[in-house]
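Coordinates in review
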Amino acid sequence: MERRNSKPREKEYNETVISVNRVTKVTKGGRRLRFAATVAVGDGKGKVGLGTGKANEAVQDATNRIIKVDLVEDRTVSHDAIGTAGAAKVLIKPAKAGTGIIAGGSVRAILELAGVKDIISKSLGSNTKLNTARACVEALKSQKSAEHIAELRGKSVEEILG
């Protein structure tokens, strides 16, 4: 038998494990132990996704939920935004060049995978890893570029930016 395509396929997205939880199901035969993972995937160029599940299922779920983020100058977001998920709220603000990513935990992982280089974030409310990650993705989803807003209003980008 001849092997075709012997080179391993290069991964399209980078992956980061945000959390791993032990899940126990009690049956009459004893306890069944499994692990549930939360994984973020991104290409570092404005695409990011978040998924949950068992091992590879989590990665597959994350790649199916990829969103596109409009970055300004390929380094920061266009405006302030607050994302919510459950009791967690995440505030993201654009920052000057050279600021870096000022964020912690799961929010930092999401922003790095999205390719954001300069941003300030603040976690408000609950600080569970999964909900803060979901809130960060919601905040990134709500970003609108100047081109998009100009198109909605029927104006030119120069008129919008002043």
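The structure we're discussing is the one just above.
Presented here is a report on the structure given in the accompanying data block. (Residues numbered from 1 in each chain as written. Predicted model: local features only at pLDDT ≥ 70, side-chain atom pairs only at ≥ 80, totals over all residues. Heavy atoms only, no water.)

A word on the overall build of the chain
Within the chain, the secondary structure is distributed over five helices and eight strands. The C-alpha radius of gyration computed for the chain amounts to 19 Å, which surpasses the reference 15 Å derived for 162 residues by more than 25%, pointing to a less compact arrangement than a globule. Projected onto the principal axes, the alpha-carbon positions of the chain cover approximately 70 × 55 × 30 Å. Residues counted as buried form 35% of the 162 residues belonging to the chain. Put simply, of all contacts in the chain between residues at least 6 apart along the chain, 49% involve residues at least 24 apart. Entry remark: accessible area of the chain is about 10,800 Å², with carbon and sulfur atoms responsible for 47%. Distance between charge centres in the chain, computed from 29 positive and 18 negative side chains, equals 13 Å. (Helix = DSSP H or I, 4+ residues; strand = E, 2+ residues; numbered from the N terminus. Rg over C-alpha atoms; globule rule 2.2 N^0.38 Å. Buried < 20%, exposed > 50% of the residue type's maximum accessible area, 1.4 Å probe, protein only. Contact = heavy atoms within 4.5 Å. Areas by Shrake-Rupley, 256 points an atom, 1.4 Å probe, with all protein chains shown as cover. Lys, Arg positive; Asp, Glu negative; His and termini not counted. Charge placed at Lys NZ, Arg CZ, Asp CG, Glu CD.)

Notes on the environment of V39
For V39, the position within the fold is in strand β2 (residues 30-42). Placed eleven residues apart in sequence, V39 and L50 show a C-alpha to C-alpha distance of 5.9 Å. Here V39 is in contact with E15, T16, V17, I18, G49, L50, G51, A58, V59 and A62, once residues within four sequence places are set aside.

A closer look at the nonpolar core
Counting residues in hydrophobic clusters, the biggest one holds 27 residues, and the most contacted among them are V48, I92, I110, L111 and L140. Among all residues touching V48, those that are not within four sequence positions of it are V41, G42, R65, I66, I67, V69, I110, L113, A114 and L140. With seven residues, the next largest nonpolar core counts A37, V39, V41 and A62 among its residues. (Core = buried A, V, L, I, M, F, W, Y, C linked by side-chain atoms within 4.5 Å.)

Notes on the pattern of salt bridges
A full pass over the atoms with the stated rule returns five salt bridges. Measuring nitrogen to oxygen at the nearest pair gives 2.8 Å for the salt bridge that ties D61 to R65. Since its relative accessible area comes to 18%, D61 is described here as buried. Residue E112 is joined to R108 by a salt bridge in which the shortest nitrogen-to-oxygen separation is 3.5 Å. Here R108 and E112 lie together in helix α2 (residues 105-114), a separation of four residues that amounts to about one turn. (Salt bridge = Lys/Arg side-chain N within 4 Å of Asp/Glu carboxyl O.)

Topic: the environment of H148
Mapped onto the fold, H148 is located in helix α4 (residues 146-153). Each C-alpha atom, one on H148 and one on F35, is 41 Å from the other, the two residues being 113 residues apart in sequence.

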